[in-house]
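# Structural overview
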Amino acid sequence: MQKKLLVSLIPSIALILVFTGYATNWYSTRYLNLSLQRTAQTQNLVQARDFEELLEFFRKGLIVVAESGQVGAESLTAACRQWAVFRPGVVAEMAFVGLNQSDTLLLLSTGDRMAEIRQDQYQYLKNSPIALAQKVREMRPGATHLSELTEVVYPPSAFPDAPRARTLAVYRMLTPVFDAQANLRGHLVLSINSLALRNILSLYNSPKSPLFSFARTSENRFSFFYDSQGWMLFQSENVEETDKDLSVEIARLGMTGDYGKPEYGRAFRPSTMHESYWRIVVGTQAGLQGLIEADALPTAAGILSDQHFLVSAPVRFRTHPDKDAEIIGGLAYVDRSRLADAAEFRHMDVMAVITIVVVALIGLLVVFISRVITRPVLTLAAEISEIFRENVLRPVRLASFDRESTVLKDALNKMILAIQDKQEQIRQRDEHIQMVSQRQKVSFDSDLPANLGWKLVGEIPDLIGQSQLMASLQSMIRKAAGSEADVLVVGETGTGKELTAEGIHKFSNRATKPFISINCGGLDENLLLDALFGHVKGAFSEAHNDRKGAFLAADEGTLFLDEIGTASPKVQKALLRALSVRRIRPLGSDQEVEFNVRVIAATNVDLMELVQSGEFRDDLYYRLKVITIQTPALRQRKEDIPLLASHFLKESAAQARRGEVGLSRGALEKLMAHDWPGNVRELKNCITRALAFAEGDVLYAEDLLFDDAMLSPQSLWDTGEVPVYAPRQQESPAQGIAQKRPEQPPDDPAPPQRGRNPRHDIALGLARAGGSFTRLDYQNALGADVSQRTAQYDLQALVQAGVLHKSGKGPSTQYSLAETKHVRP
């Protein structure tokens, strides 16, 4: 059966594929050639447009000169020089043929200048512009006459330095010149060098073409120009040979006809037997575009292949502004691309591969069908193998072929159902064991893997961790401590930047000397300058005693400048000078005092971005950035979380005077899964908060609440009594916290009770009491137990929640109630 199916199906499928491949190839090649022909038409239209634009440019210029009435040698030379700026090498002659012979003037371009031809030489010129002006009938003002392509010969006598005669092929534009009384003075003649027109064709048939997008093969492609009477006048040449004589040698190959016309001897007009060419000429005369396939071209028997094609487009010239442009000739472009050949060959390759693949698939399908029909047991075995491959125990899904296979399938399904029942019992038992395990207390000494780092490593206090990042940080601290260079510590908030600075101080030669820490974001500009540089007695009304300032207080020691990015421009300038000369001048003093201090600066923002925005001095940035230490974020060293959690548990339990408190496995897994945007400080706050509310000796996963989950606009309100703050006489906002709001009106019920940070009530009270407040006001209201970082974090959280509005920068930043929120007391 397999052989019969193979012999009957495979030849039929192969024949169908061959026919399909031929049909698709024919249609794709046809439309690809159509696309190429349209591309050629586009190029030809662009060439025709450039022709028309060049002629129109000089027509308008000629009219402007004629209307000005300035037809002297200097004026005409100036006009030619101005035109040469935009269209160099186009003007060949410029003449004024006056009614009075003495006014007649003829200028000839010699490349870099316009040379005047003596009047006694006019009679020796062949096809001179003077003769053209005498032939032209009466013309209206603004009208322009365009001559046919004319060959002009200047004898050697016309040029004193010329060794031989000079021949030009030009198009001449002629327009009348009138005086102020509208009397005809003469005609102005402008001759356009036909080489400039020919070079347009050469440019578009070269790699320098404005339309050039990719390198093309070496097939013959060219353009040629013919007039409205069918005379071929010139063809494109090598773009580098700009001075080569005009020719139509390639365009007329394979044709017979007339050679030369009176005005231009190099013209060629095919005979009427070349019907395809004359159809293009007739179409051009009617203003139509044309296209001829290669098999209709008489030149196809010569240098062109059977895949060349010719496209044509008319060229127009406007003789008067009030009239439509007249057709003066046409442009033809002969093109050929091998893209269709390449696509056809690739199509044949693809169809051959498809045929082979399809035949192979048909053969496999025949084998499969024959096995299904003749051997149902093998199908059942394949289904069982599929179950093993999927690694999912499920009933056998198979249609019944016969009684034997059906009985076997039912027996297998009964066995599978029994196994699934046992698996479900085991799963439930494992879930129970897992739930119990999650509630078990973690033993940090033995139960958890050693690679998480359960031992505090290193001699730096509070820099806890055994990860590679912490080992690298400790190594960098020791190396930096061995140098006297200034250090810039960069890291997110809560990553231990100040501890890093203390570590550098501890391991340096200055360990026995003072370590002074100044928070640049905690003081306004004047207080910060006074804290850094000090003052002398009497420097201002409150200066009853001398004050050293941090630089002198930390002499021979270390000065730590935290939040250096918040320093004002005035403070930055003072710091830069102090660090540059290592001397300071206290406020009110006339003497500069030298200091010997190592400066360590810290920031949690990108100082380079502040430099680029102009908020931070670049010279101060590079003065501080001698040694840079990056403190790692907690999410980058999660293997240290168990060690940190154990440390903070013991520390918080000792502060709360409680016995030993443990951590469940579920709680530890929850800590490990969090990203910790607040880093180590957030971890410490989370454990401290959980320990404060926990009743047993083990913290479970549900006891841990993260900061990002606690704060929302609705979580800021309670149903209980909420403090309100009204301003008092001679009181600061922080002193008004003791007041309480009266009982809430019945028509303004409180939102549902939710958990919230009690410090937020104080921030809201400050906003209501004084309208706005600073971070320092908030920190003073909280008390000395709350750090500046914690206060800053609380305010940022309220701003992100849309409860407070932030304005200003640095220590003077003001916080007020957001206008878009309906805040309930």
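Model, not experiment: these values are computed from the prediction.

Conventions adopted
- Residues numbered from 1 in each chain as written.
- Predicted model: local features only at pLDDT ≥ 70, side-chain atom pairs only at ≥ 80, totals over all residues.
- Heavy atoms only, no water.
- Helix = DSSP H or I, 4+ residues; strand = E, 2+ residues; numbered from the N terminus.
- Expected span 1.5 Å × (residues − 1).
- Buried < 20%, exposed > 50% of the residue type's maximum accessible area, 1.4 Å probe, protein only.
- Arc of directions from axis to C-beta.
- Patch = residues over 30% accessible without salt bridge, like charges linked within 9 Å, V, L, I, M, F, W, Y side chains within 5 Å.
- Areas by Shrake-Rupley, 256 points an atom, 1.4 Å probe, with all protein chains shown as cover.
- Salt bridge = Lys/Arg side-chain N within 4 Å of Asp/Glu carboxyl O.
- Pairing = 2+ DSSP bridges.
- Axes fitted to C-alpha atoms, helices over the stretch in contact; angles between N-to-C directions.
- 1 Å grid on protein atoms, 1.4 Å probe; cavity = no way out; pocket = protein on both sides within 12 Å on 5 of 7 lines; lining within 4 Å.
- Points joined across faces, edges and corners; volume = space filled by probe spheres on them.
- Core = buried A, V, L, I, M, F, W, Y, C linked by side-chain atoms within 4.5 Å.
- Contact = heavy atoms within 4.5 Å.

With that settled, the discussion passes to helix 2 (residues 73-86). In a regular helix each residue adds 1.5 Å, so 14 residues correspond to 20 Å; helix 2 covers 21 Å between its end C-alpha atoms and thus fits that length. Every buried residue of helix 2 is listed here: L76, T77, A79, C80 and W83. End-on, the buried residues of helix 2 take up no more than an arc of 160°, which puts them together on one face. Exposed and facing more than 90 degrees away from the buried side of helix 2 are E74, R81, Q82 and V85.

With that out of the way, let us pick up a nonpolar patch on the surface. Together, Y22, W26, Y27, Y31 and L34 make up a nonpolar patch on the protein surface, roughly 590 Å² of accessible area in all. For Y22, the position within the fold is in helix 1 (residues 2-68).

Our focus in this paragraph is the sheet that holds strand 21 (residues 627-630). If you trace the five strands from one edge of the open sheet to the other, you get 16-17-20-15-21, paired in parallel fashion. Of all the strands in the sheet, the pair left with one neighbour each is strand 16 (515-519) and strand 21. In this sheet, neighbouring strand axes are inclined to one another by 20° on average, regardless of whether the strands run parallel or antiparallel. In the sheet, strand 15 (residues 487-490) pairs with strand 21 via four bridges, with the strands oriented parallel. In the strand pairing of strand 21, V490 is matched with Q630.

Think of a ball as big as a water molecule: rolled over the atoms, this probe shows where empty space is left. The final tally for this structure, using the stated rule, is two cavities of 30 Å³ or more. Looking at the second largest cavity, the residues that line it are F51, L55, Y171, L197, F225 and I328.

The next thing to look at is helix 18 (residues 679-693). With 15 residues, helix 18 extends 22 Å between its outermost C-alpha atoms, agreeing within 8% with the 21 Å of an ideal straight helix rising 1.5 Å per residue. Along helix 18, the residues that are buried comprise N679, V680, E682, L683, C686, I687, A690 and L691. Buried positions in helix 18, seen along its axis, are confined to an arc of 165° and lie on one side of it. Facing away from the buried side of helix 18 by over 90 degrees, the exposed positions are A692 and F693.

Here we come to the pattern of salt bridges. Within the structure shown, the criterion is met by 30 salt bridges. A salt bridge links E592 to R583; its shortest N-O distance comes to 2.9 Å. For E592, a relative accessible area of 25% gives the class partly exposed. Owing to a relative accessible area of 29%, R583 belongs among the partly exposed residues under this scheme.

In terms of burial, strand 2 (residues 105-109) is a largely internal element, five of the five residues being buried. Alternating residues of strand 2 divide into L105, L107 and S109 and L106 and L108, and every residue in both groups is buried. Pairing of strand 1 (residues 91-98) with strand 2, which is carried by four bridges, proceeds in the antiparallel orientation. Residue pairing for strand 2: A95 is matched across the bridge by L106. Turn length for the strand 1-strand 2 hairpin, with the two strands adjacent in sequence and antiparallel, is six residues. Two strands pair when backbone bridges link them, and strand 2 and strand 3 (residues 114-116) are joined in this way by three bridges, in the antiparallel orientation. In the strand pairing of strand 3, L108 is matched with A115. Taken together, strand 2 and the strand that follows it, strand 3, pair antiparallel across an intervening segment of four residues, in which G111 is found at a positive phi of about 110°.

Right, let's talk about the nonpolar core for a bit. One finds F51, F58, W83, M94, L188, L233 and F234 to be the most contacted residues of the largest nonpolar core, which totals 47 residues. Discounting chain neighbours no more than four positions away, the residues touching M94 are L62, L76, C80, W83, L105, L106, L107, M114, L188, V189 and L190. With 33 residues, the next largest nonpolar core counts L561, V597, V599 and L607 among its residues.

Despite not being glycine, E563 has its phi angle at roughly 50°, a positive value. Within the fold, E563 resides in the loop between strand 17 (558-562) and helix 13 (569-581). With a relative accessible area of 16%, E563 lands in the buried category.

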